[in-house]
Amino acid sequence: MSFLEGVLILTGIVAIVAQGVYVLTGLTGLFSLGQASFMAVGAYSAGIANLRFGLGFIPSLCVGVVAALLASFVVGAPSLKLKKTYFSLATIAFGYGVESVLNVSTWTGGSIGLIGVANITRVWHVAIALGLVLWVVRNFKLSRYGRACVSVRTDETAAQVYGVNAFATKQMAFSLAAALAGLGGGLYAFYLGYLSPDMFGIPVSSEYLVMVFFGGLGSQTGAFAASVLLTALMEMLRTAAEWRVILYCLIILITLMFRPTGLFGSWELSFGRRRNGSAPPDSPGALAGGARK
Amino acid sequence: MLRRAASILAISALVLLVAGMGISAQADVIVIGEIAALTGPTAQQGLQERNGAVLAVEEINAAGGVLGKQIKLITYDFKGQPAEGVSVYRKLVQQDKAVVIVGTNFSNVNLAMAPVAEQLKVPVLSNAMEPAVTTPEPGKVNKYHFLAQPSSIEQGAIVARYALDELKFKTAACLVNKGNSFATSQAEAFRDYFNANGGKVLDYIEVPAGAVDFKAQLTKIKASNPDCIYIPQYAQEAGLQVKQARELGITAVVLGANTLGVPPFVEAAGSNAIVAGTYFINNVHFGDPRLADFMARYEKRYGEPVITTNVFFGYDNVYIIKAAIEKAGVAEPEAIRTALENTKDVKILQGAGTITLDPNTHRPVDMPAWIFKWEADGTTVPMTLMYP
Amino acid sequence: MLFQQIVNGISVGSMYALLAVGFSLVYNILGIANFSHGAMIALGAFFSYWIARYLAVPVPVAILASIAFTGLSSALVELVTLRILRKRGQGSLYFFIASLTVFNLVTAVLVYISRGNIVSYPRAFLSGTFTIGNLYIPWIDAGMLLISIVCLAVLSYVMFKTRFGLAVRAASFSIKAAQLMGMDIDAIIQGVFFVSGTLAGVTGALLGVKYAVYPYIGNFVYMALFACVVGGLGNLTGAVLGGLLIGLLETLVSAYISSAISPALTFAFLVVILLLRPQGLAGRATEEKI
C-alpha cells in the first residue's frame, strides 16, 4: 500500500463519519460529542469479532455497525426526550464511558490497545462504502424522514403539531449517524490493524463537528468536501512542522470569516439535474432561528 | 455558480497537490526519517527529541558524514496520534525514501506502526518502552522494530527492587494513569515484582486519562498508610500528585519513572522543597561528568539547557544508526536492519555509556539505569546504578 | 476520611463553579457555547506567569494585570469573530465553531511559544496547607473558594444593580426585543465578553497556581460547559450549583466507587439527575438553547 492510498483511506473514513455528523447536526440540529466514540464501538467490535471470533472482513464490519446502532439506542432512548443540550451531555457521558471501559478492560487490551487485527482495508473498499453512504444520506435527506428531521430542527413543537414524531425522528437520525460512525470505525480497524483508546475521544468528535460546520451546515456536498479538504490540509501542513496546527486553525478561522455559513452554505452539487422541487428549505438562517433569539 | 465551481476546482487542485507533493530522493545523501510529536499535548517530548537528533546529525555531517555521504534528517509531526504516526511512517519511507526511522517514545504509536513496518521493511529505532512493540507475543519478534532503552517491565521492576532491597520498604501504593500505556505497563511490572518479592502493594489505584486532581485517590492511599507511593506518570501528572500528596499530609516516600527527573516535574510540584526525598529511575545522569561536554554543546547550539530525557533519545538514536550504517557498509534498509540487530557496544550517552541489542528481543541487553534522589537544593543525586 | 473527601470535592467543585460562572455569561446572552473562554483561561495563566516572571512583580499583582489583558483579549475575539459573523447576517450558531477554532488556535500558539513546557509561578502564592482537626485544606483551595465567592458577589452586583447589568439581562431575555428598545446590542455583547474574559483570567491564573501553567490548561472549559448544562441554563446560581455538584460527585465516585472510570460514572449520574429533574438544578424552566 502506498502513502497516497493510506491517506485516501483515512480521508474516506473521515468522510463517512462526517456524513453521519451531517445528518445529525446539519439536518436534525443535534450536537453530539460522542461520534468518535461510536467509531470506537464500531472499530473495537469489528476488531474483536475478527481477532477473537475469527469472523471475516464483511461480517466483522456488520458486527461493528450493529454494535454502534445498539449503543445509539442506549444513549438516545433516555436523552432524546429531553432538551437538546441534555442529549449533548449524554453523548459526552457516552464518550467518557467508552474510553473508560476500553482503558480498563483487559479483553480490549486496555490502554496498550488491541494488537493483531488483520490489515484488510484497501482504498476501493472505502470508495465503495463512501459511495453507498453518500447515496443513502442523499436519499435520506430528500425522503420524508429527512424532511421530518429538518422540521424538528427548525421548530420541534410545530413539527409535532403537524404529526411528526419528534422523538422517533431524532432517534432515527442519531442511529443513522452512529451506524455510519460504526462503519467508519470498522474500516479504520482493518486499515490500522491496531486500536487504542486514545485514538477516539471527545476532541476527535469535536473535529468532526468543525468539519461539518466548515463545509456548510445545510450541505451534504459541503460535509463531504470539508472532510476531504481538511484532511488533505492537515496532511499537507505536515511539512510545516511545529506551525502545523496553528496554520490549520488560522485557515479555518479566516475561511469562516469570509464565508460565514461555511464553504457551501446550503448549496448542493446536483450533477446537472434539476434540484428536487420538494427539497427542504435548507437555509442555515432557519437553523440559527431555531434558537429564536 | 461560478464561485462554487471555483471552490470545487480548488478542492481538486488541493487533492492533486497532496498526491504529487514531496516526491524527492537524492542519491548523495542518506535520509533518516524522524517521527516526533511537534504539536499537541506531548509536544515538549517531541521537540526535545528533535533537538537531540538534529544536533547529532549536524555533528556527524560536520565530521564528514557516514560512508562519505551527508545525513539528511527529515522530521514530521504526528500530534501524538497513532494513526498519524502510521501515515508519517509511510510518507517518510515511500516519498522521502528514508532508509531508517527514528521514533517515537509513545508505545501506542509504535504498536500501530509495527505491522506497517513489517510490510514496508524499513527499520524503526524507537524508545517505546512497552515490550509488545518489539515482541508482540512470546517467541515472536517484530523484525523491523528496535528499542533503545530499558523496557517498561525492566524499569518498573528495578524501582520495585530498589524500594524493597535498598530502602527496605514493606508496603507500597501505586497511582496509575489508566489511559497511558507508559504508566500502566511500568506500574504492573512494579506491582508484580513488589508482591512477588516479599512486599505488599496495598492500593493499586487507577486514575482516568486527563485527570489533574488526585486528592480523592490520595486520601484513600493516606488511609492505608503505605511506606512508599509509586507514580510512573508523565512529568506534570507526577508533579501534581506529589504536590497534592504533601498537601494532604502524606509523608510516604514517592518513587517514580524517568519523567520525574526533569524540570517540568518540579515546576508542576511547585518547589524543590516539595519534591525533596523523591526517588526516580533514569538511564541518563544529567550531572555525569561524562556528559558535561555534550551538555555544553547542546546549550551552545540551542541557547537553553537540556529539559527532558528525550534529547538523549534523539541524539543517541542517530549515533546508534550511524554505527549500524557503518557496520552495514551500505545505506540500505535491510542491511541497516541486520546491523541494528547486531548492535554491540556502541557508544551512547545513556546508561553506562554503551548499548548492545539482543537479536531475539530487539531490546537492549543489560542496559543499566540509575536511581536518583531529589535533594532540597534542587539537585538530583545518583544513588546507585541498577542492572535489570 | 469521608469529611476529607467532601473537602476535596468542594475544592474541585468551587473551581468548576468559578469556571462555569464566567462561561455562563456569554452562554446566557447568545445561547451558544463560547469555547474561546478556554483560550482566555489559558491566556490568563500564561499572562500572569509572564508578568510575574519577567516584570518580577508579586503574583497577586501579576494576576490583576493579566485579568485586564484577558478581558481585552476576549473583547477582541468578539470583535474579530462574532461581530463579523453577525454583520454578515449570521446568528450566533457559527460562532460555536469559530470560538472552538480560536480555542484550538490559542492553545497551539501557546504550545509553540512555550515549546510545550510546564512552568510554575516564580514565587510561592497560596502554597502550603492548613489543618482543622485532621482535615487538610490547602491554602490555594481555600483561596479559590473565597475568590469564587467574591467574584460571584461582584458579578451579582454588576448584573442586578447596574444599568449595564440590566441591559445584559434584557438582552439575555431577547436580543431582538432589546434592539427594538434602542439598545446598542453590539456594545452590550462586547461588554459581556469583557467581563467573561476577566473571569476566565482569574480562573486561569488560579488554575495555574493549583495545577501549574501549561498550554492545554484551557481544556477546563469543557467542565464549565458541563456545569452550566447541569445547573440549568440561563442563570448564575445554576452554574455555581452545577459546578459544585460535578466536583463533589467526581470526588466521591473516585473515592468510593471506581477511580478508573469516574468520569463515565459521574456523567452517567448527571444524566440520571437530569432525567429526574429536566429543568436543571436551579429549577427554573428556561428556553431551549444549543
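Residues numbered from 1 in each chain as written. Chains lettered and ligands numbered in written order. Predicted model: local features only at pLDDT ≥ 70, side-chain atom pairs only at ≥ 80, totals over all residues. Heavy atoms only, no water.

J.: I would appreciate a short explanation of the overall build of chain A in the present structure.
T.: Along its length, chain A carries twelve helices and two strands. Secondary structure of chain A in N-to-C order comes out as α-α-α-α-β-α-α-α-α-β-α-α-α-α. Here the C-alpha atoms of chain A give a radius of gyration of 19 Å, agreeing with the 19 Å that 2.2 N^0.38 yields for 293 residues. With the C-alpha coordinates of chain A rotated into their principal frame, the extents come out at 50 × 45 × 35 Å. Relative to its full complement of 293 residues, chain A shows a buried share of 66%. If you take every contact in chain A between residues at least 6 apart in sequence, the share linking residues at least 24 apart comes to 79%. (Helix = DSSP H or I, 4+ residues; strand = E, 2+ residues; numbered from the N terminus. Rg over C-alpha atoms; globule rule 2.2 N^0.38 Å. Buried < 20%, exposed > 50% of the residue type's maximum accessible area, 1.4 Å probe, protein only. Contact = heavy atoms within 4.5 Å.)

J.: Explain the overall build of chain B to me, please; I cannot follow it from the model alone.
T.: Along the backbone of chain B there are 13 helices and 14 strands. Here chain B has a C-alpha radius of gyration of 22 Å; the compact-globule value for 388 residues is 21 Å, and the two agree. Here the C-alpha coordinates of chain B stretch approximately 65 × 60 × 45 Å along the principal axes. Every one of the 388 residues in chain B was classed for burial, and the buried ones make up 63%. Within chain B, residue pairs in contact and separated by at least 24 positions form 66% of the contacts whose partners lie at least 6 positions apart. Here chain B has roughly 12,900 Å² of accessible surface; of this, 55% comes from carbon and sulfur atoms. Across chain B, the centroid of the 34 positively charged side chains sits 4 Å from that of the 37 negatively charged ones. (Areas by Shrake-Rupley, 256 points an atom, 1.4 Å probe, with all protein chains shown as cover. Lys, Arg positive; Asp, Glu negative; His and termini not counted. Charge placed at Lys NZ, Arg CZ, Asp CG, Glu CD.)

J.: Explain the state of the cysteines here, please?
T.: Residue and element names in this part refer to chain B. One pass over the full model with this rule turns up zero disulfides over all chains. With no disulfide partner, cysteine 174 has as its closest neighbouring cysteine sulfur the one in cysteine 228, 8.1 Å distant. Take cysteine 228: its relative accessible area is 0%, and that puts it in the buried class. (Disulfide = S-S within 2.5 Å.)

J.: What should I look at first to understand the packing of aromatic side chains in this one?
T.: Two aromatic rings are characterised by how far apart their centres lie and by the angle between their planes. On inspection of all chains with the given rule, the structure shows 39 aromatic pairs over all chains. Seen from their ring centres, phenylalanine 182 of chain B and tyrosine 234 of chain B are 5.3 Å apart, and the 40° between their planes marks the pair as tilted. Of the two residues, phenylalanine 182 of chain B sits in helix α6 (residues 181-196) while tyrosine 234 of chain B sits in the loop between β8 (228-231) and α8 (235-247), which places them 52 residues apart along the sequence. Among the aromatic residues, those joined into a cluster by ring pairs are Phe31 and Phe213 of chain A together with Phe35, Tyr94, Phe96, Phe103 and Tyr222 of chain C. (Phe/Tyr/Trp six-rings, centres within 6.5 Å; stacked < 30°, edge-to-face > 60°.)

J.: Honestly, unusual backbone geometry in this entry has me stumped. Any pointers?
T.: The general pattern is negative phi for most residues beyond glycine and trans for most peptide bonds. Of note, the amide linkage connecting glycine 103 of chain B to threonine 104 of chain B takes the cis form, showing an omega dihedral of 0°. Counting through the fold element by element, threonine 104 of chain B comes out in the loop between β3 (100-102) and α4 (107-120). Even without glycine at this site, arginine 115 of chain C takes up a positive phi of about 55°. Mapped onto the elements, arginine 115 of chain C comes out in the loop between α4 (93-114) and β1 (129-132). Its identity as a non-glycine residue notwithstanding, alanine 212 of chain C has a phi of 75°, on the positive side. Considering the arrangement of structural elements, one finds alanine 212 of chain C in the loop between α8 (185-211) and α9 (221-231). We classify alanine 212 of chain C as buried; its relative accessible area is 2%.

J.: Sorry if this is basic, but what is going on with the interface of chain C and chain B here?
T.: Tallying the contact residues gives 32 residues for chain C and 32 residues for chain B. Counting the surface lost from both chain C and chain B, the interface buries some 2,600 Å², and carbon and sulfur atoms represent 57% of this. When the buried area of chain C at its contact with chain B is split by residue, Arg115, Ile118 and Tyr211 of chain C rank highest and sum to 21% of it. At the surface where chain C touches chain B, the tally comes to two salt bridges. With a closest N to O distance of 3.0 Å, aspartate 141 of chain C and lysine 215 of chain B form a salt bridge. Secondary-structure elements contributing two or more residues to the side of chain C that touches chain B are α1 (2-30), β2 (135-138), α5 (139-161), α8, α10 (236-256) and α11 (262-276) of chain C. At five residues, the largest contribution of residues to the side of chain C that touches chain B is made by α1 of chain C. Counted by class, the side of chain C that touches chain B contains 17 nonpolar, twelve polar and three charged residues. (Buried area = accessible area lost by both parts, 1.4 Å probe. Salt bridge = Lys/Arg side-chain N within 4 Å of Asp/Glu carboxyl O. Nonpolar A, V, L, I, M, F, W, Y, C, P; charged D, E, K, R; others polar.)

J.: Looking at this model, I keep getting lost on the interface of chain A and chain C. Mind explaining?
T.: It is common to report an interface's size as the accessible area lost on association of the parts. At the interface, 41 residues of chain A touch 52 residues of chain C. Between chain A and chain C lies a buried interface of about 4,300 Å² when both sides are counted; carbon and sulfur atoms form 76% of it. Between glutamate 242 of chain A and arginine 115 of chain C there is a salt bridge, with its nearest N and O atoms 3.6 Å apart. Linking chain A to chain C there are four residue pairs in polar contact (both at pLDDT 80 or more). Counting only elements with at least two residues in the side of chain A that touches chain C, the list comes to α4 (84-104), α9 (202-215), α11 (244-258) and α12 (284-289) of chain A. (Polar contact = N/O pair within 3.5 Å; in protein donor to acceptor, adjacent residues only side chain to side chain.)

J.: I tried to follow helix α2 (residues 36-54) of chain C on my own but got confused; where do I start?
T.: Count 3.6 residues to each turn of an α-helix, and residues three or four apart come out pointing the same way. Residue and element names in this part refer to chain C. The end-to-end C-alpha separation of α2 is 26 Å, in line with the 27 Å expected for 19 residues at 1.5 Å each. Summarising burial for α2: 16 of the 19 residues are buried, a large majority. Alanine 56 sits one or two residues past α2 and shows a positive phi near 50°. (Expected span 1.5 Å × (residues − 1).)

J.: Explanation requested: a nonpolar patch on the surface in the structure shown.
T.: Residues and elements named next belong to chain A. On the surface, Trp243, Leu247, Leu250, Ile251, Ile254 and Phe258 cluster together into a nonpolar patch covering about 550 Å² of accessible area. For isoleucine 254, the location among the structural elements is in helix α11. Relative accessible area serves as the criterion here: at 47%, isoleucine 254 is assigned to the partly exposed category. (Patch = residues over 30% accessible without salt bridge, like charges linked within 9 Å, V, L, I, M, F, W, Y side chains within 5 Å.)

J.: Even after reading the chapter, I still don't get the confidence of the model for chain A, so can you show me in this structure?
T.: Low-pLDDT stretches of the model should not have their predicted coordinates read in fine detail. In this model, chain A carries a mean pLDDT of 87, and residues with pLDDT of at least 70 account for 92%. In the model, residues 274-293 of chain A has pLDDT below 50 throughout and makes 37 contacts with residues more than four positions away in sequence or in other chains. (pLDDT = per-residue confidence, 0-100.)

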